[in-house]
Amino acid sequence: MLAAPEAGAATWVHTRDTASGNPMCFDKDSVTTRADGLTYWTSKMCSDPVGQLYAVDCTKNFKVELLVRIYDLGSTDRYREMTMDYPDSGLALDADMACKKS
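Residues numbered from 1 in each chain as written. Predicted model: local features only at pLDDT ≥ 70, side-chain atom pairs only at ≥ 80, totals over all residues. Heavy atoms only, no water.

Quick one: what's the story with the packing of aromatic side chains, residue by residue and with numbers?
With the rule as written, the count across this model stands at 3 aromatic pairs. With a centroid separation of 5.4 Å and an interplanar angle of 15 degrees, the aromatic rings of Trp41 and Tyr54 are classed as stacked. In this pair, Trp41 sits in strand 3 (residues 39–45) while Tyr54 sits in strand 4 (residues 52–56), placing the two residues 13 residues apart along the sequence. This pair shows no difference in class: Trp41 is buried, exactly as Tyr54 is. Over the ring of Tyr79 we find Arg69; its NZ or CZ atom is 4.0 Å from the centre of that ring. (Phe/Tyr/Trp six-rings, centres within 6.5 Å; stacked < 30°, edge-to-face > 60°. Helix = DSSP H or I, 4+ residues; strand = E, 2+ residues; numbered from the N terminus. Buried < 20%, exposed > 50% of the residue type's maximum accessible area, 1.4 Å probe, protein only. Lys NZ or Arg CZ within 6 Å of the ring centre and 35° of its normal.)

Listed below in structure tokens is the structure:
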């Protein structure tokens, strides 16, 4: 079972700004690879009180296809999967950071 996104100690680091200038933060302590083979991490707009859980398969080539699992806010079991068309998107950068840390 996954822990809730805010369940443990979090170390939020500002990693980038969105196109509209909003600072984004990444919880570097949240990165983990689970038995399902996916790498999980939590990120948020720095000003938000809680982060959102994401997961990605780090064995895939993100330049070909980046399929990201985005969990409902506060959930560890309800999610949607999205294929990102932009390998240089902020979400792709977060996924790459998580994969390098795992």
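Please set out the state of the cysteines residue by residue, giving values where relevant.
Across all of its chains, the model carries 2 disulfides by this definition. For Cys25, the disulfide goes to Cys46, at an S-S distance of 2.0 Å. In this structure, the disulfide formed by Cys25 and Cys46 twists by about 100 degrees around the S-S bond and is classed as right-handed. Note that Cys25 is positioned in strand 2 (residues 23–33) and Cys46 in the loop between strand 3 and strand 4, a separation of 21 residues in sequence. Given the relative accessible area of 8%, Cys25 is considered buried. Here Cys58 engages in a disulfide with Cys99; their sulfurs sit 1.9 Å apart. Between Cys58 and Cys99, the S-S dihedral sits near -85 degrees, and the bridge is therefore left-handed. Note that Cys58 is positioned in the loop between strand 4 and strand 5 (66–71) and Cys99 in helix 1 (residues 90–101), a separation of 41 residues in sequence. For Cys58, a relative accessible area of 28% puts it in the partly exposed group. Disulfide partners in the chain, listed by the sequence order of the bonded cysteines, are 1-2, 3-4. (Disulfide = S-S within 2.5 Å.)

Describe the nonpolar core, and please don't skip the residues or the numbers.
Counting 15 residues, the largest nonpolar core has Trp41, Val56, Leu66, Val68 and Leu91 as its most contacted members. When residues of this core are traced back to their parent elements, those giving at least two are strand 2, strand 4, strand 5 and helix 1. Top contributing element to this core by residue count: helix 1, with 5 residues. Sequence-distant contacts of Val56, that is, excluding residues within four places in its chain, are made with Leu38, Thr39, Trp41, Phe62, Leu66, Leu67, Ala95 and Cys99. (Core = buried A, V, L, I, M, F, W, Y, C linked by side-chain atoms within 4.5 Å. Contact = heavy atoms within 4.5 Å.)

Can you tell me about the environment of Tyr71, naming the residues and giving the values?
In this fold, Tyr71 is placed in strand 5. A residue is classified by how much of its surface remains accessible, and Tyr71, at 2% relative accessible area, is buried. Taking the C-alpha atoms as reference, Tyr71 lies 8.2 Å from Ala55; in sequence the two are 16 residues apart. One polar contact links Tyr71 to Arg69, side chain to side chain, over a distance of 3.3 Å. (Polar contact = N/O pair within 3.5 Å; in protein donor to acceptor, adjacent residues only side chain to side chain.)

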